[in-house]
Amino acid sequence: MDADMSIPSVPSSFSDSLEMAMEMERQPSRLLSFSCVSELTNGGKSFSPDSYLASGSLKRILLGLDPFPTDYEEDTVELFGFQWVNETALVESCTLLFGLLRQNMQKLENLVQSSDFGQAANLHWEAHNIKQQCTEFLQYVKVFIFRYLEPQEMEEEEAVLFHPYEKQEAELPSVLVEELHSLTLHVGRLHELPSRIVGGFTILPQAKLFPPSWHLLHLLLDIHWSVLEILHLLGEKMPRQTVYAHRFTNLTGENLTNISLFEDHCENLLYDLISLSANRYTKVRPSEALTSHPYPCICVKELWVLLIHLLDNRNKNSLTESFWSWLNRILRSAFEKKRGTEEMAAAESIPCNDPLSFSWWMITHLALLYQVDRNGHVDEKKSMESNWPYVEDLLKRSIGSQAGVLEEHLRMHLQCCLTLTRIWDANLSTVTILWEHYSKNLNSPFIIPWLGVKGLANINRTPMSMYEMVKNCCSNQHTPDMYASSNSYHFFLRILTQIMKKAVKTNGVHPWKQIKGRIYSKFHQKKMRELTEVGLQNFFYLFLVLAAIAETEDVASRMMELLHCLSPVSTSIPQRTLIWKGYFAFILTYVEKNMDVSVLAQHISSAFHEKAKEFLVARNDRAQKQNLWMLLSTYVDGVQEVFETSISLNLSEEKLLSDGFSMLLPGCRGAELSAVLTFLQDVLFKLRTVYQHSSQGLFRNTEPKAQPSLVAKEHHLAVARALWRNFFPYMKGQRMSQTPPPQLADTAAGFTLLALDMPSTCTSDLQPQPVWSMMQLFGWDDMVHPKLVSRYLSHLIQNSALSDTLNGMGQTSYQALLVQSWFRCTLQMFIDQPTHTLVRTDAEQIADRNYLEQLTELTRLIFKLPEVAAIFSQTRTEESLYRQDPKDAVFQFIKAFGRNYSGLQTLTEKSAMVAKALEYTGDVLKYVKPYLTRKGPAEGLHLTYRIIGCLVKSWAAILATSKAQPLLFRIIDCLLLPHTVLQQDKELPTAILSAIRENLPLFLQGLSFTCCQSQTQVAYLNQLLGNVIKQYLGRFLPLPSSPRPGQHPILLAMCSSTTMPGALHLRKITMQVLSESYLHFKGHAPPSRLASTLSFVLDVLRRTKDTEVCDVEVLLPCVLKCLVLVNEPQVKRLSTEILQCVVEGCQARPGGELATQLTSVFRQFIQDYTPVYDNQVYSIFEAVATLDQSLVISLIPAMTEALRNSEYKQGLGRNTVQREAYKKLLSQLAEAGQTEILKLENETH
């Protein structure tokens, strides 16, 4: 009803009537009937506009208004194709009209027999017209009764004085009753209809064409409802009068009246509708009870709604039976055993396999129809008439021991009961009946075997899952799929919640006291000790529900008292675990209600302390530890869930962080330790977050009941102190572990940030600068495992507050310490790998990948430090060069730092940068000592020599300073010249030798540059360089049979550094080492591996494509000696090629020191070897003459003098043979040679 049409002083019925009258004036005339066309167009969500509900017809009848005020206002009316006088037709021709009605019905029944699908359209319209004529007649009867029927009371002696029409008019009510009775007999019962007609309920029309059976079926529904409407209107028009049918009596022999006909027909109709529903129920599973309705089509649903409103309206106005009374009586008569001899007309039994479940199903769906108002709209807030007495009877039968109802049906029954509880008023008897049953069956699992895993009796894994289960039970959300996720006991708890909420809201605390007494009285010591694990869980469910909806502290206190009845000896570990879960579920309930948890926390933490002590003592008893861990992990999970749930941590949560953890942690291993550390991380994060928000005042607006900030702060400080006191000592003791779990670093970072936020709570050994102390313990200590350090620092480097705090302390060197730690972590990235294992397990490979990712992240953060960023910005290094893997990043950092140093001008800047470089590297040899000691793994050794070699090369100028020279000397001694190398009888391990071979060029290039730059200990540096070359030149020389001089590391160092400072020095020292150690003859005996050595020398000369003074001065004499003294073809060839390279190199640089030195070497060679090896000498110069004739010509005087000296020493005069050989050489020297020959021939002596 619209608000503007309702006046407070006007009765609501009058307002409704006025509203309906105004609506009808605006509506055109139409025929009302049952039609399920709307079900096909809108999914059955609303009734057809031409239905009895949506059209307002029912509402008008119940309000005593004209059913069709705008219709039948003409003088005549057309019925069944004939014209009739509107105001007299029913009086004069009542029997005839009803006869025409039955005749048209017969026509429609005949159409149903036709099965000609080709005439579907014609059959549809013909049946439609017949149905319209019949419904129009019934509609006319209702209008006639309302408008024209006047109650008349006359005696028999007065009847003769009336006009015949008046007599007919007076007899019309009786005639109507008789005709309506005949009509009901003619149409028969709905449940007796043949299947071809009942099948009309399931027809889905195509193109809006319906078969005759559909029209007939819906016409029957119209007739059944219209009979009740007409009888109701008749009774309303003739109040306090009974209309008798003169020609009929009912089945009991009593006279038939309008009242008895209404009751009989209503009873029959209800029975028929129930029978139709029973047929549908055969296809309904218990799990589908709420989603499968009992209405074959929406028309039947509408008919149920009409009956509800009509019968309840009559009940209010004339003290007749209500709808529920009618329904209860019919269901009892149909499904219960007959009592006595009294039977009703509809007392036939309805075929149904499960009458009890069917009754629940019907009652529930019909109760929901009470939400549909007189206009057909759903109003969930509408007050409803309950049917609790009958439902209580159903409940008793459902849980009765004799009935033996299975869990699958009991769930369905209680799900229906829950639905009724939600829409009806509170009924404490329902709770009492159910509790009597479940108090005796708490140990039952309430499972459905065929439902699979969902049907099993699951024990909740965590306190939160138990709490969420109870919270779900207390919510107002009810979904049909709860059948599979909730057992019947859960439904009982939901019912209890719903009823208690409504009862307390309506009647205060009295209902709670009543229910509390009944529930508490069922628990005593014997009962508690009989509870199994499942029973204990159901016990906790019940008390948690009571705590959630009633007096929480009272329920918790009673729960603790009852649990004290349990014997500690007879309580198993699983039961004890469940009890702890229950305690934590109660604590979560307290937290949700913002109540202090100290009482519960102290009790559970004391029990945890005792079990943690047992866990520590049972270190070697694996079975006992496993059982205890099941219990202790429950405590850990519970505390974590409490902290996660708590918003402000101001409810004494610190009492849960007892000293039991200080005993638990030392006893944990592997997954156990990881679980506790993960829990600790979450607690640290929660505390810091809450503390920061509290400091910023963020809780003041969101928590109106929050404690004052000072009290909350005291709780936060108490939590922090408990963490430092009970957890940190173990953390500190584990930092030196060689196999630290990843969570150890995460937790240490959490403690560091806690020290940053709340420094006053830290332990005394960290004061007065706890943050700096934490960084030293976990980030900068060289003894801490690199995996722990890298993960720890990755959490902290990007924290700006931490950086500001360290700067504020005056600790400006923290960035250098961070770089040093990163440098160490990168060097030691392979420290955990086994030395000789070639195949690694999947777990090891995953760990390696994780550490690499972790180190990559640390590298990214290190390169964001201001100091490091400045180094790269000054060298203009591209970001892509160092944003790769950590190893490449270290190389780029070392190179960039070296380039920065080279660009410095002042001594002060250079001195400061040298000091910074030493800070960055730290004790680098200490970092790599594990690789050298274990002689592996190969990856670690290669990385060591690669990084330190890069450092020696790129920081050569730095290492040349007096501050850094000690580091260089240690590097050479440890990596290149260890004692093993100096001992001739020992060989270096293959892995070390391979690493040196690959990276030796870096060391040699850097060391040679240092030799040139250093101003102190130059001689020692040169000695070191010579020793390195001496040790490794021979080690890497290939065998003569397979020479590979191009791969020699010293050769690579010399060839790749020709343009670098110190390259010439490296060449000079190398040539000296070759001359002194590898080309030195012992007497006339040639050195070993001479061919390999000469091959190396030749490759040096060819690769460098240049000849230096050292080559001529130091190397050439040795090569010439080889040509003279060694006859091996390979040595001869290599020596000749070397000689050729030297001579050609000198030719490329004519004049100067190089040419002079070459001439000097040849003269000395002539002087030394001509007396004995004249033929070899002349042969050598013949070869030289082909390369540089002028050079040999310049040596003629020296050769002639050597000839004469040789002859003089021999004392035999001219040596003809030698002179002939000499002349042969001179003959190849052009004019100068011929001239010298003439001189020799013209000699007189």
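Our subject is the structure that appears above.
First, a word on scope: everything that follows refers to the structure included in this document. (Residues numbered from 1 in each chain as written. Predicted model: local features only at pLDDT ≥ 70, side-chain atom pairs only at ≥ 80, totals over all residues. Heavy atoms only, no water.)

### Points about the overall build of the chain
Tallying secondary structure elements over the chain gives 59 helices and 4 strands in all. Summarising its shape, the C-alpha atoms of the chain cover approximately 205 × 80 × 55 Å along the three principal directions. In the chain, the share of contacts with a sequence separation of at least 24, taken over all contacts with a separation of at least 6, comes to 76%. Accessible surface, the chain as shown: approximately 55,400 Å² in total, 51% of it carbon and sulfur. (Helix = DSSP H or I, 4+ residues; strand = E, 2+ residues; numbered from the N terminus. Contact = heavy atoms within 4.5 Å. Areas by Shrake-Rupley, 256 points an atom, 1.4 Å probe, with all protein chains shown as cover.)

### A few points about the packing of aromatic side chains
Tallied over the full model, the rule gives 62 aromatic pairs. With 6.0 Å between their ring centres and 70 degrees between their planes, Trp580 and Tyr635 make a pair best called edge-to-face. Within this pair, whereas Trp580 is found in helix H24 (residues 573-592), its partner Tyr635 is found in helix H26 (residues 622-645), the two being separated by 55 residues in sequence. Both residues of the pair, Trp580 and Tyr635, count as buried. With centroids separated by 5.0 Å and ring planes inclined at 45 degrees, the aromatic side chains of Phe897 and Trp955 adopt a geometry described as tilted. Pair noted here: Phe897 is in helix H40 (residues 886-902) and Trp955 is in the loop between helix H43 (938-954) and helix H44 (956-959), with a separation of 58 residues, a long-range link. For the pair shown, Phe897 and Trp955 are each scored as buried. Members of the aromatic cluster, each reached through a chain of ring pairs, are Trp435, Tyr438, Phe446, Tyr489, Phe492, Tyr520, Phe523, Phe539, Phe540 and Phe543. The cationic tip of Lys237 hangs over the ring face of Phe146; the distance from NZ or CZ to the ring centre is 5.6 Å. (Phe/Tyr/Trp six-rings, centres within 6.5 Å; stacked < 30°, edge-to-face > 60°. Buried < 20%, exposed > 50% of the residue type's maximum accessible area, 1.4 Å probe, protein only. Lys NZ or Arg CZ within 6 Å of the ring centre and 35° of its normal.)

### With respect to the environment of Gln845
On the secondary structure map, Gln845 appears in helix H37 (residues 842-862). By relative accessible area, Gln845 is classed as partly exposed at 34%.

### Here we look at the state of the cysteines
Summed over all chains, the structure comprises 0 disulfides. No disulfide involves Cys94; its sulfur sits 15 Å from the nearest other cysteine sulfur, which is in Cys134. Under the relative-accessibility criterion, Cys94 is labelled buried at 3%. Counting only cysteine sulfurs, Cys1011 is the nearest neighbor of Cys974, a cysteine outside any disulfide, at a range of 18 Å. (Disulfide = S-S within 2.5 Å.)

### A closer look at the pattern of salt bridges
Evaluation of the coordinates by the stated rule reveals 32 salt bridges. Put simply, Arg147 and Asp66 hold a salt bridge, and the shortest N to O gap is 2.8 Å. Taken as a pair, Arg147 in helix H5 (residues 120-148) and Asp66 in the loop between helix H3 (57-62) and strand S1 (76-79) lie far apart in primary sequence, 81 residues in all. Note that Arg1102 and Glu1137 form a salt bridge whose closest N and O atoms lie 2.8 Å from each other. Of this pair, Arg1102 sits in helix H51 (residues 1090-1104) while Glu1137 sits in helix H53 (residues 1129-1148), and the two are 35 residues apart along the sequence. You can call Arg1102 partly exposed: its relative accessible area is 46%. A single salt-bridge network, built from bridges that share partners, covers Glu267, Glu321 and Arg329. (Salt bridge = Lys/Arg side-chain N within 4 Å of Asp/Glu carboxyl O.)

### So, unusual backbone geometry
With the exception of glycine, most residues fall at negative phi, and the peptide bonds are largely trans. Note that the residue after Gln767, namely Pro768, is joined by a cis bond; omega there is 5 degrees. Note that Pro768 resides in the loop between helix H32 (742-757) and helix H33 (770-778). Of note, the amide linkage connecting Gly936 to Pro937 takes the cis form, showing an omega dihedral of 0 degrees. As for its placement among the helices and strands, Pro937 is situated in the loop between helix H42 (924-934) and H43. Phi is positive for Leu649, close to 50 degrees, though the residue is something other than glycine. Locating Leu649 in the fold gives a position in the loop between H26 and helix H27 (660-667). A relative accessible area of 0% means that Leu649 is categorised as buried.

### Let's talk about empty space enclosed by the protein
In the structure shown here, the tally under the stated rule is 2 cavities of 30 Å³ or more. Residue lining of the second largest cavity: His785, Pro786, Lys787, Gln828, Met829, Phe830, Ile831, Asp832, Gln833, Asp848 and Tyr851, and that is the complete set. Secondary-structure elements contributing two or more residues to the lining of the second largest cavity are helix H34 (786-796) and H37. Here the residues of the lining of the second largest cavity are counted per class, giving 5 nonpolar, 3 polar and 3 charged. (1 Å grid on protein atoms, 1.4 Å probe; cavity = no way out; pocket = protein on both sides within 12 Å on 5 of 7 lines; lining within 4 Å. Points joined across faces, edges and corners; volume = space filled by probe spheres on them. Nonpolar A, V, L, I, M, F, W, Y, C, P; charged D, E, K, R; others polar.)

### Comments concerning H53
Taking 1.5 Å of rise per residue, 20 residues should cover 28 Å, and H53 covers 28 Å from first to last C-alpha, within 8% of that figure. Buried residues along H53 sit in contact with H51, helix H52 (1109-1125), helix H54 (1152-1169) and helix H55 (1174-1187). (Expected span 1.5 Å × (residues − 1).)

That's the geometry; what it means functionally is another story.
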